[in-house]
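# A look at the structure
What follows is each chain in one-letter form.
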Number of protein chains: 2
Amino acid sequence: MPETLVLPSASDFHIHLRQDDLMNMVVPRIAEGGVSLCYVMVDKPNKIEPNLKPPITSTKQALDYKAQLEKLEPNVTFLMSLYLSPDLTPEEIRKAKANGIIGVKSYPRGVTTNSDSGIESYTVYYPVFKVMEEVGMILNLHGELPSDLENDVCVMNAEEKFLIHLKKLHNDFPKLKIVLEHATTKAAIETVKSLGDTVGCTITIHHLQLIVDDWAGQCHNFCKPVAKFPHDRKALRHPRFFLGTDSAPHPAHLKECAQACAGVFTTPLTLPYLATIFESFNALHMLKLFACENGKKFYDVKEKEDKCREIKLIKETWSVPNSYSFDDRQEAKIGIVIPFWAGKTLTWKIDSNQ
Amino acid sequence: MPETLVLPSASDFHIHLRQDDLMNMVVPRIAEGGVSLCYVMVDKPNKIEPNLKPPITSTKQALDYKAQLEKLEPNVTFLMSLYLSPDLTPEEIRKAKANGIIGVKSYPRGVTTNSDSGIESYTVYYPVFKVMEEVGMILNLHGELPSDLENDVCVMNAEEKFLIHLKKLHNDFPKLKIVLEHATTKAAIETVKSLGDTVGCTITIHHLQLIVDDWAGQCHNFCKPVAKFPHDRKALRHPRFFLGTDSAPHPAHLKECAQACAGVFTTPLTLPYLATIFESFNALHMLKLFACENGKKFYDVKEKEDKCREIKLIKETWSVPNSYSFDDRQEAKIGIVIPFWAGKTLTWKIDSNQ
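In this text, all values refer to a predicted model and were calculated from it rather than measured experimentally.

## Thoughts on the overall build of chain A
Helix and strand content of chain A: eleven helices and 13 strands. Once the C-alpha set of chain A is aligned to its principal axes, its extents read approximately 60 × 45 × 45 Å. Looking at the 354 residues of chain A, the share that counts as buried comes to 59%. Taking contacts inside chain A between residues at least 6 apart in sequence as the whole, the part at least 24 apart equals 72%. For chain A, the exposed surface amounts to about 14400 Å²; the carbon and sulfur share of it is 49%. Computed over 41 positive and 44 negative side-chain charges, the inter-centroid distance for chain A is 2 Å.

Spelled out as structure tokens, the structure:
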């Protein structure tokens, strides 16, 4: 009899599902990874990241995108977010809430003028945050300062140096639920823990495993925020928090090149990765809380019963596929995406006979 | 009249010249970069680095390699090193010294058994170091601990955590000249400064320019030791030390791939890179000391007068070539190497009408 582990299907509270060709490949693989609920990110694109174009800043856009996702995969619950920009109004927040949108994603903008904070002030958004607090919407923070050589800010300390802004936001809006997304440092974990029940953080699969050495010259492990020191990884391996994979597929040729796109692709193997990694630090008993329960509790969301299912994981040694192919119509060819840990060994597999 | 800068040809106290096809491409480009003296590294190969195979551990091997280099480029002075291994004897050190070999390169070996130091003990080499001190040979240290998650050692702190070993070696052999190669941290600079005249360090071109952000996803800026924090870069921009480029060419396909080789290729443009970078932090007046004088003084070496020449740099805006090609006979094709800052703008050029 193989060793087995039975869990409810998992929730991924930070996922990039792309558009067009990549979306067509990724969305059907959500369920394959043992996930039945996703909180969908709609970030602004930057110069090398093919995030959504245009970013989703209105209720209508978010609902249109949700409809596309549901058409591709009716068995997954898609929770939607908006992208924070100065155009977002308190009225739009109320409308979004009324239409089931659950949060707003903030990505700090650099400032060109001198500033003590290193980022654009959040005070311009305070009327929006006030209404979010009132109606019960979540604020999702990408918690990094933009790099700034004069002030010794770089990818290795950008998160730690952001934490002062998290503390201030929490202080000014103590009832606003805030998620520090994809936390990567001991400092972040300790700060979030200190701020009480309205502040949480997501942890990715890859940050539970990687340190800085693993993305040094290894483009498929390169993501933002970057993985950091061994002591940071140790601090992340803590069950209070919840899964947000930040899974972000890129075509292989945009990774294996002079300037790689940031992002790690984990969606097709969410629970097998997690079970393998949790087992490696003797925390398999915490997997259910981390992947299935804590996030829904923090977000206060419920899945429809027909979507949540039972996942049976079997202890079995097998390999991560070397790549996933997709129909790249723009390039008129078959594209490939290299998943996290391509070719490496997993020790848990989802039972395909369920 | 263009602005000009006249210097003696430079000395590079840490360079990788490779073998076979790559050597044929690289060696003729030493002079192109304004360099007339090189201290040649002969490191042990590792699993992804095509350094010399076999490593050069005897006087005879070093002299054979030197003869190959001189045949390709009679106008450059090649100073040779040996690779430190337990096979190296005090007798071989005396023989090497008598044959003009000037130093021994040490690369720390990881230990598999428990060890406080994280590296193999240096005491096994003490009889060798004693003779080196006596005859006046240089010890060249790759100053990094091997990464070790249990002890929080990773590529970002591997150099700082090595410094205790540098201090101990200096303490035990106060007259032995020791060079901490390719220093990358403020901590290293401060330690070296504190240890007096028998301890120096080389600084590469790329570490004068890069920080950790620049190799995040950018394989052509990935090297070991990795570039670190902005405050570290600031500390490196100090004229007491001397140039050792650690220039290390790799075929492009071994950089733009899932696991990139570590190394940055700067040899063809040594002085144009340096003049451009020194000017950016208002230190052009220190370039001569850094690139032409300090190293030879520390090493106590003189060039033959017919090899050292005058280099005229002209202030002119031009671009780093996108690649350098070489005859890759092993792959039966034309290979390419991507240089540091490919396609980027330089503001100084060596006068080709000299």
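## Concerning the sheet that holds strand E10 (residues 310-319) of chain B
Residue and element names in this part refer to chain B. Here we have three strands laid out as an open sheet, ordered E1-E10-E13, and antiparallel in their pairing. Two strands close off the open sheet at either side, each with one partner strand: strand E1 (4-8) and strand E13 (345-350). The mean angle between the axes of side-by-side strands here comes to 35 degrees, regardless of whether they run parallel or antiparallel. Of the strands in this sheet, E1, E10 and E13 touch helix H10 (residues 270-280), which is tilted by about 125 degrees from E13.

## Some points on the packing of H10 of chain B against helix H11 (residues 287-299) of chain B
Helix-helix packing is characterised by the crossing angle of the two axes and by the distance between the axes. Residues and elements named next belong to chain B. At a closest axis distance of 10 Å, the pairing of H10 and H11 adopts a crossing angle of 145 degrees. Residues Leu-271, Leu-274, Ala-275 and Phe-278 of H10 touch H11, and the partners they reach there are Leu-287, Phe-290 and Ala-291. For the contact of H10 with H11, the per-class residue count stands at seven nonpolar, no polar and no charged.

## Section: unusual backbone geometry
Cis geometry marks the peptide bond from Lys-224 of chain A to Pro-225 of chain A; its omega dihedral reads -5 degrees. Phi angles above zero are rare outside glycine, and His-182 of chain B is one such case at about 35 degrees. His-182 of chain B sits in the buried class, given a relative accessible area of 2%.

## A word on the relation of the copies chain A and chain B
Each of the two chain copies goes to the other by way of a rotation about an axis and a shift along it. Its rotation angle being 180 degrees, the transformation that places chain A on chain B also includes 0.0 Å of axial translation and leaves an RMSD of 0.0 Å. Seen this way, the second copy is the image of the first under a two-fold rotation axis. Among all residues of chain A, the one whose C-alpha sits closest to the rotation axis is Glu-256 of chain A, at a distance of 2.5 Å. The share of interface residues of chain A whose copies in chain B are also at the interface is 100%, consistent with both copies meeting through the same surface.

## With respect to helix H11 (residues 287-299) of chain A
Residues and elements named next belong to chain A. Taking 1.5 Å of rise per residue, 13 residues should cover 18 Å, and H11 covers 18 Å from first to last C-alpha, within 8% of that figure. The largest bend in H11 comes to about 45 degrees, at Glu-293. Where H11 ends, the next residue or the one after it, Asp-300, has phi of about 55 degrees, a positive value.

## Quick notes on the environment of Lys-95 of chain A
As for its position among the elements, Lys-95 of chain A is in helix H4 (residues 90-98). Along the backbone, Lys-95 of chain A and Ser-58 of chain A are 37 residues apart, and their C-alpha atoms lie at a distance of 9.1 Å.

## A few points about the packing of aromatic side chains
All names here are of chain A. Under the definition given, this model contains 37 aromatic pairs over all chains. An aromatic cluster is defined as three or more aromatic residues linked by ring pairs; in this entry it consists of Phe-13, Tyr-39, Phe-242, Phe-298 and Tyr-299. Over the ring of Phe-298 we find Lys-177; its NZ or CZ atom is 5.5 Å from the centre of that ring.

## A short note on the interface of chain A and chain B
The partner chain B presents 27 residues to the 27 residues of chain A that form the contact. Between chain A and chain B, the buried area comes to about 2300 Å², and carbon and sulfur atoms account for 67% of it. Taken together, the connections running from chain A to chain B amount to zero salt bridges. Our enumeration of links across chain A and chain B arrives at eight residue pairs in polar contact (both at pLDDT 80 or more). Contributions of two or more residues to the side of chain A that touches chain B are made by helix H8 (212-215) and helix H9 (230-236) of chain A. A per-class count over the side of chain A that touches chain B returns 16 nonpolar, seven polar and four charged.

## Some words on the sheet that holds strand E1 (residues 4-8) of chain A
Residues and elements named next belong to chain A. Strand order in this open sheet of three strands is E1-E10-E13, and the pairing throughout is antiparallel. Strand pairing shows two members of the sheet lacking a second neighbour, E1 and strand E13 (345-350), which therefore form its edges. Geometrically, the sheet is characterised by an average inter-axis angle of 35 degrees between neighbouring strands, direction not taken into account. Here strand E10 (residues 310-319) pairs with E13 via five bridges, running antiparallel. Bridge assignment links Ser-319 to a residue of E13, and that residue is Thr-345.

## Digging into the pairing of E10 of chain B
The two faces of the sheet receive side chains in turn, since in a regular strand these alternate between them. Note: E1 of chain B against E10 of chain B, five bridges, orientation antiparallel. The partner of Leu-5 of chain B across the bridge, within E10 of chain B, is Leu-313 of chain B.

## Describing the pattern of salt bridges
Residue and element names in this part refer to chain A. The final tally for this structure, using the stated rule, is 24 salt bridges over all chains. Asp-172 is the partner of Lys-168 in a salt bridge, and the nearest nitrogen-oxygen pair spans 2.9 Å. In this pair, Lys-168 and Asp-172 are both assigned in helix H6 (residues 163-172), four residues apart and thus about one turn of the helix distant. By relative accessible area, Asp-172 is classed as partly exposed at 29%.

## Considerations on the nonpolar core
By size, the foremost hydrophobic cluster in this structure holds 223 residues, and its most contacted members are Phe-129 and Trp-215 of chain A together with Phe-129 and Trp-215 of chain B. Not counting residues up to four positions away in its chain, the partners in contact with Phe-129 of chain B are Leu-84, Tyr-122, Leu-139, Leu-169, Phe-173 and Leu-176 of chain B.

## Brief notes about the pairing of strand E12 (residues 333-337) of chain A
All names here are of chain A. When strand E11 (residues 324-328) meets E12, the two strands line up antiparallel, connected through five bridges. When the bridges of E12 are listed, Phe-326 appears paired with Gly-335. Two successive antiparallel strands, E11 and E12, enclose a turn made up of four residues, where Ala-332 displays a positive phi of approximately 50 degrees.

## Notes on the side chain of Ser-247 of chain B
Relative to the helices and strands, Ser-247 of chain B is located in the loop between strand E9 (242-243) and H10. If we ignore the near neighbours within four places in the chain, the residues touching Ser-247 of chain B are His-14, Ile-15, His-16, Val-264, Phe-265, Thr-266 and Thr-267 of chain B.

## A few points about the environment of Leu-63 of chain B
Residues and elements named next belong to chain B. You can see Leu-63 is positioned in helix H3 (residues 59-72). Overall, Leu-63 belongs to the partly exposed group, its relative accessible area being 30%. Distance in space between the C-alpha atoms of Leu-63 and Met-80 is 7.9 Å, their sequence separation being 17 residues.

## Structural notes on the side chain of His-170 of chain A
All names here are of chain A. Position of His-170 relative to the elements: it lies in helix H6. His-170 sits in the buried class, given a relative accessible area of 15%. Once residues within four sequence positions are removed from consideration, His-170 is found in contact with Ile-178, Leu-195, Thr-198 and Val-199.

## Let's talk about the confidence of the model for chain A
Low pLDDT marks stretches whose predicted atomic positions should not be read closely. Residues and elements named next belong to chain A. Summarising the model, chain A shows a mean pLDDT of 93, and 94% of its residues fall at 70 or more. Taken as a whole, residues 45-49 scores under 50 in pLDDT and shows ten contacts with residues more than four places along the chain or in a different chain. Here the prediction assigns the complex a pTM of 0.95, and the interface score ipTM is 0.94.

Thresholds, definitions, all that
- Residues numbered from 1 in each chain as written.
- Chains lettered and ligands numbered in written order.
- Predicted model: local features only at pLDDT ≥ 70, side-chain atom pairs only at ≥ 80, totals over all residues.
- Heavy atoms only, no water.
- Helix = DSSP H or I, 4+ residues; strand = E, 2+ residues; numbered from the N terminus.
- Buried < 20%, exposed > 50% of the residue type's maximum accessible area, 1.4 Å probe, protein only.
- Contact = heavy atoms within 4.5 Å.
- Areas by Shrake-Rupley, 256 points an atom, 1.4 Å probe, with all protein chains shown as cover.
- Lys, Arg positive; Asp, Glu negative; His and termini not counted.
- Charge placed at Lys NZ, Arg CZ, Asp CG, Glu CD.
- Pairing = 2+ DSSP bridges.
- Axes fitted to C-alpha atoms, helices over the stretch in contact; angles between N-to-C directions.
- Nonpolar A, V, L, I, M, F, W, Y, C, P; charged D, E, K, R; others polar.
- Least-squares fit on C-alpha atoms with pLDDT ≥ 70 in both.
- Expected span 1.5 Å × (residues − 1).
- Bend = angle between axes of the 7 residues up to and from the residue.
- Phe/Tyr/Trp six-rings, centres within 6.5 Å; stacked < 30°, edge-to-face > 60°.
- Lys NZ or Arg CZ within 6 Å of the ring centre and 35° of its normal.
- Buried area = accessible area lost by both parts, 1.4 Å probe.
- Salt bridge = Lys/Arg side-chain N within 4 Å of Asp/Glu carboxyl O.
- Polar contact = N/O pair within 3.5 Å; in protein donor to acceptor, adjacent residues only side chain to side chain.
- Core = buried A, V, L, I, M, F, W, Y, C linked by side-chain atoms within 4.5 Å.
- pLDDT = per-residue confidence, 0-100.

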